[in-house]
Structures are given as structure tokens and as C-alpha cells.
Amino acid sequence: MSLRGSYNAASDLIQRNLDAGRADKIAFIDDRGSYTYAELDQMSSAFANVLVARGLQMEQRILLCLHDSIHFPVAFLGAIKAGIVPVAVNTLLTVKDYRYMLQDSRVRLAVVSAPLLPTMQQAGESSPFLDYFIVSGEESPGDHDMDTLLASASNEFEVASTTADDMCFWLYSSGSTGSPKGTVHKHSSLLLTAENYAIPILDIGEDDLVFSAAKLFFAYGLGNALTFPLAVGATSLLMTDRPTPESVSERLLKYQPTIFFGVPTLYAAMLASTDLPLPSKVNLRCCVSAGEALPEEIGRQWSNRFGIDLLDGIGSTEMLHIFLSNRPGSVRYGTTGRPVPGYELRIVNEEGASVSSGEIGELQIKGSTGALFYWNSREKSVHTFQGHWVRSGDKYWQDEEGYFIYAGRSDDMLKVGGIYVSPIEIEGVLMEHAAVLEAAVIGREDAGALIKPVAYIVLKPGLDGSDALAAELKSHVKSRLAPYKYPRWIEFMDELPKTATGKIQRFKLRALG
């Protein structure tokens, strides 16, 4: 599908449902209640009027630091209706992080969940641009309270005259390898992620109830819980709470969602939890994993437990959603599947030439949902966005049947004894051991200043690390992989450092020495 000319993403995602007779159908359910498509239209129009009344104009930016509730889609879609650019940011960051983002994006207005307001206010003290907060949640003074402002504004709005290629919204990269980058997306990209992935791969339809443990503030969650359901008239379940095995299981039982999106860390934790529901008590027909490579063993355990495929895929902030995925009925655990319709993929070596089947190289993507550029970062934009092709920074290889196998980040690959070693391969073997809940492998210099693998291990509940267990894990890897690949050191940890998307922050492990 190709979108060109006059086009507004928010208007399309809402109006298509009104035109289809779904005005009274539930669009969103959150911790406070449920909201129809007609109410979503009215509330987002009211928010657009709130912004215009504050003097905001087309292509100016606002910051969204919001927990998952109806106020996120209302603010996100309302801003886009007005041609104003929402900048959605991670709700788990520090004052220093927010200070950087406020300065970088130059937003005049921030919409913030009440528990996050003190942190954001502190961050905004040094911003020469930010001059107004709207607060979601706890009751605030009338001129700052989201509900009060929405109730006092007109719920009719003439949608801004935007185009398919106009700047629509930003998402900041997770910062798993350093400072986050403002990734600028166009209007057409939102719907195209649904047309490319959710509809043909997941077969999503208006009868589905979608639940994403991955939050709305990053690309994976935004597609899962907003774009995908709105594209087809489905219903989206939002959860303010942090996604734990307990909170997720509670909602799987109470609301009976049909499609569930999570990250590998959560799936592993749920499988190890006593709160995991019985298959007969839930209504799942499709489960998706992204954010980090799914260990083969976790995929198989989940599938065996619930009798449905767990679809591993990979997307990125730069491409907005999943571009490579396994398919229902043809899942091959241990791989990331095959290209999603609408995308071309290639694997290249350090000189930019395509590699042979079975050879590791950098994955590059060509597709219509690629970001326009990184804001205020010309050098990084040129490095990543190379004509029609976008560099992923991920290492992959492809087998003879066309399945893609993840081999780690470009800067995570280890060269041991002159041979490239994938940390993901070692982690996958460690995860097969009955004692291991999570594993992360990086490189460490030995006494001879040569790089060797070191494994950081989180054990399953009730188990303690010991020298004997460390030796057992080393032997376990040696028995399954080439001897040079085994971890020379085993470090036990209570938890691994991760981004909000569930990605392991290997640079923090490297800093441990």
C-alpha cells in the first residue's frame, strides 16, 4: 500500500472506524474504564483544541511522558490531528535523561502522568523552551489537569492539512548503546506497519482484543496497542502497571485478550512463575515476542504450554515496527523468521557487499516505514539512513531455507582466537540449563589481553550461585558448542540491566569490568 499527498494519520485511524459503523464499539480499555471510537474521536479533537488554544502551531512539538491509559492515545492522536508533533518518551528515565530530551526536542509543552511530574519538573527547570505542563492522573489545578481541559474544550476540530510525508511524531531510541536519538517518522508510516505486518501476519481483525505488555512510548508497543487495533477496528487493553507475571496474568484471565505482545524477558519470567494461567483459562490465539532475540527454549516452552505459536520478530525504532518475523504454522524457534511483506532485507559484510548463505554480516532493511532522519544529528543520520536502505546494527546470517538467524549486535560480536563468536548462540545454550532464567554474554580480556566470553547469569527463583554450578554451566556449554566458545567466567546476578523494551544493556555489563 502506498499513501501519498494529503493525509493525516490520526484522522485516518479514527475516521475509518466511524465510517465503518463502529462509533459505539469499544476502542480502548484502561484501568479507569472503557472508551468507544466516538469518544476517542471527541476526546482527541478536544485535545487538539487545547493545544491550539495554547498557541501551538503545525510542526511544533510536545512531549508525552505518559503511562498507558486513554490519555496517551488521546494526546498522541489529538496532537497529530492538529499537525503538532508528539514526542513520546520512556517513562522510566532519570532527570538527566529528560533534561537532555527537553533540550534536544525544544518542546514548549509536556503532557505528564502525575507520578512522573516531580521528575519532569526538575528536568524542565533548565529548559529555555518548556513553559507548560498538562497532568494526567491525580487531580491537578484546573488549568493543568488533563480531564478538566478536555471537558472544557470543544470536541469538534478541523483536521490540519498535512501530507503523507510530513513529520508526524518522534520516538527516542532506547539508548541501549549510548545517548538516545530523536527518530522522526512521517504520517504514512503508522498505518503501513499494520498493512505490512499486523494484518497479513497476525490476521488481526475487529473481533480481536489486543493486549501489549510492551508500553506505548516505544515503537513496538505503539504499533501493538494503538496502530494495529485502530487500523482494523479491534479493541486495545491498556495497563498502567509495570508488566510483571502477576499483573499480566491477572489481565489475561480477567479480560480474555486474543492477541498478546511481550518481550523475551517477560515470557521467561511468566514461564517460571506460579501465577501463569492454565491454557484452558485464557483465550489467546496469537502471541508475539520482540525487543530482544527470543531464546529457542523459551519459545518452545511457551508453545508447549499454550498450544499456540510464539512468533519471534525483530523491528526497530528506525523502521517503526517488525520487518522480519516468524509466521503462524511455520515457526522455526531459534530464528527470527523471514521478511515481512513490504520489506526487503540484505546481509552485507564490512565492505557493503552481500554475503553468502550461512555467513554472518550486518542486516539492512528497505521499506516504506523507515524514519526520515535523526533529529539534530546529521552524522548519525547519514551513517544509518543510506538511500533506501537502513542499517540495523544487528548481525545476522541466513540459512538455506531463507530463515534469518540473529547473531548479536554489531558491537556485541566477539572475536575469540581470530574467529567471530555470537554471544546470542552462547546465551541460547545457557538458557537450556534447568537452573538458568536469563543469560547475557559479553567479551572480557584475559591475562593475555585476549578477548574471551564472560556470562552473566540470573538463576531461577530459589536457586543460589556457587562455584560448582559455575563449573557445571561451563561444561554444559562445552558439551554443545565448539570449545573456544564456552564462557571463561560465570558471574551470578539478581537481574540484568535492561532498557524499557527488555533489551539487555550490554554496555552496562562491560562497565563492570
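Up top is the structure.
Residues numbered from 1 in each chain as written. Predicted model: local features only at pLDDT ≥ 70, side-chain atom pairs only at ≥ 80, totals over all residues. Heavy atoms only, no water.

A.B. asks: Explanation requested: the overall build of the protein chain in the structure shown.
C.D. replies: In terms of regular secondary structure, the protein chain is built from 15 helices and 26 strands. Taking 24 Å as the expected radius of gyration for a compact globule of 513 residues, we find that the protein chain reaches 23 Å, a close match to that expectation. Its C-alpha atoms give the protein chain principal-axis dimensions of about 70 × 55 × 45 Å. A buried classification covers 58% of the 513 residues belonging to the protein chain. A sequence separation of at least 24 residues applies to 65% of the contacts in the protein chain between residues at least 6 apart. Put simply, the protein chain shows about 20,500 Å² of open surface, and 47% of that area lies on carbon and sulfur atoms. The average position of the 46 basic charges and that of the 61 acidic charges among the side chains of the protein chain differ by 5 Å. (Helix = DSSP H or I, 4+ residues; strand = E, 2+ residues; numbered from the N terminus. Rg over C-alpha atoms; globule rule 2.2 N^0.38 Å. Buried < 20%, exposed > 50% of the residue type's maximum accessible area, 1.4 Å probe, protein only. Contact = heavy atoms within 4.5 Å. Areas by Shrake-Rupley, 256 points an atom, 1.4 Å probe, with all protein chains shown as cover. Lys, Arg positive; Asp, Glu negative; His and termini not counted. Charge placed at Lys NZ, Arg CZ, Asp CG, Glu CD.)

A.B. asks: Can you walk me through the nonpolar core in this structure?
C.D. replies: Counting 149 residues, the largest nonpolar core has Phe47, Ile62, Phe76, Leu190 and Phe260 as its most contacted members. Looking at which element gives the most residues to this core, the answer is helix α8 (residues 219–232), with 9 residues. Sequence-distant contacts of Leu190, that is, excluding residues within four places in its chain, are made with Ala9, Leu13, Phe76, Ile80, Cys168, Phe169, Leu222, Thr227 and Leu320. Core analysis: the next-biggest nonpolar cluster, separate from the first, contains 25 residues, Cys65, Leu116, Leu117 and Val135 among them. (Core = buried A, V, L, I, M, F, W, Y, C linked by side-chain atoms within 4.5 Å.)

A.B. asks: How should I be thinking about the environment of Leu150 in this particular structure?
C.D. replies: On the secondary structure map, Leu150 appears in helix α6 (residues 146–152). Residue class for Leu150 comes out buried when judged on its relative accessible area of 11%. Not counting residues up to four positions away in its chain, the partners in contact with Leu150 are Met43, Ala46, Phe47, His71 and Val74.

A.B. asks: Hey, could you run me through unusual backbone geometry in this one?
C.D. replies: Most peptide bonds adopt trans geometry, and most residues besides glycine take a negative phi value. Even without being glycine, Arg106 reaches a positive phi, approximately 60 degrees. Along the chain, Arg106 turns up in the loop between α4 (95–105) and β5 (109–113). Overall, Arg106 belongs to the partly exposed group, its relative accessible area being 38%. Phi at Asn376 takes a positive value of approximately 55 degrees, unusual for a residue other than glycine.

A.B. asks: Looking at this structure, I do not really get the sheet that holds strand β18 (residues 373–374). What am I missing?
C.D. replies: Sheets are built from strands that pair by backbone hydrogen bonding, the pairs being arranged parallel or antiparallel. Strand order in this open sheet of 7 strands is β6-β5-β3-β4-β7-β8-β18, and the pairing throughout is mixed. Here the strands that pair on one side only, and so sit at the sheet edges, are β6 (132–136) and β18. Of the pairings in the sheet, the one linking strand β7 (residues 167–172) to strand β8 (residues 182–186) comprises 5 bridges and is antiparallel in character. When the bridges of β8 are listed, Met167 appears paired with Lys186. Here helix α7 (residues 187–198) sits on the sheet in contact with β7 and β8, set at roughly 80 degrees to β8. (Pairing = 2+ DSSP bridges. Axes fitted to C-alpha atoms, helices over the stretch in contact; angles between N-to-C directions.)

A.B. asks: Would you mind showing me how to read the packing of aromatic side chains here?
C.D. replies: Two descriptors summarise a pair of aromatic rings, namely the distance from one centre to the other and the angle between the planes of the rings. Scanning all chains against the criterion turns up 16 aromatic pairs. Judged by centre distance (6.3 Å) and plane angle (65 degrees), the rings of Trp170 and Tyr172 are edge-to-face. Classification of Trp170 as buried rests on a relative accessible area of 0%. Measuring from ring centre to ring centre gives 4.7 Å for Tyr267 and Trp302, while their planes differ by 75 degrees; the resulting arrangement is edge-to-face. Highlighted residues: Tyr267 in helix α10 (residues 264–271) and Trp302 in helix α11 (residues 296–306), separated in sequence by 35 residues. Trp302 sits in the buried class, given a relative accessible area of 0%. Pairwise contacts between aromatic rings join Phe211, Phe260, Tyr267, Trp302 and Phe306 into one cluster. (Phe/Tyr/Trp six-rings, centres within 6.5 Å; stacked < 30°, edge-to-face > 60°.)

A.B. asks: Looking at this structure, how should I read the environment of Ala435?
C.D. replies: With respect to the helices and strands, the residue Ala435 is situated in the loop between α13 (423–431) and β24 (436–445). Counting along the chain gives 15 residues from Ala435 to Leu450, while the straight-line C-alpha distance between them is 29 Å. With sequence-adjacent residues up to four places away left out, Ala435 is seen in contact with Leu459, Lys460, Leu463 and Leu469.

A.B. asks: So what exactly am I meant to see when it comes to the pairing of strand β12 (residues 286–289) here?
C.D. replies: A regular strand places its side chains so that they alternate between the two faces of the sheet. Both faces of β12 are covered, namely the face carrying Cys286 and Val288 and the face carrying Cys287 and Ser289. Note that the unit made of strand β11 (residues 259–262), α10 and β12 has a crossover that is right-handed. The parallel pair β12 and strand β13 (residues 310–314) is bridged by α11, and the resulting crossover is right-handed. (Right-handed = clockwise from strand over helix to strand, strands pointing away.)

A.B. asks: Would you mind going over the environment of Thr91 with me for this structure?
C.D. replies: Mapping Thr91 onto the fold places it in the loop between β4 (85–88) and α4. Between the alpha carbons of Thr91 and Val112 there is a distance of 9.1 Å; along the sequence they are 21 residues apart. With residues up to four places along the chain from it excluded, the contact list for Thr91 reads Cys65, Leu66, His67, Tyr98, Leu116 and Phe217.

A.B. asks: Help me out: how do you make sense of helix α1 (residues 9–19) in this one?
C.D. replies: The α-helix winds at 3.6 residues per turn, so residues separated by three or four positions along the chain end up facing the same way. Of all the residues in α1, the buried ones are Ala9, Ala10, Asp12, Leu13, Ile14 and Asn17. Contacts made by the buried residues of α1 are with α2 (37–53), α3 (71–81), β7, α7 and α8. The backbone nitrogen of Ala10 has a side-chain oxygen 3.2 Å away, supplied by the residue at the start of α1, namely Asn8. Where α1 ends, the next residue or the one after it, Gly21, has phi of about 85 degrees, a positive value. (Polar contact = N/O pair within 3.5 Å; in protein donor to acceptor, adjacent residues only side chain to side chain.)

A.B. asks: How should I be thinking about α7 in this particular structure?
C.D. replies: Compared with an ideal rise of 1.5 Å per residue, which puts 12 residues at 16 Å, α7 spans 18 Å between its outermost C-alpha atoms and is within 8% of the ideal. Of all 12 residues in α7, 11 are buried; the element is thus mostly enclosed. Residues of α7 that are buried include every one of His187, Ser188, Ser189, Leu190, Leu191, Leu192, Thr193, Ala194, Asn196, Tyr197 and Ala198, and no others. (Expected span 1.5 Å × (residues − 1).)

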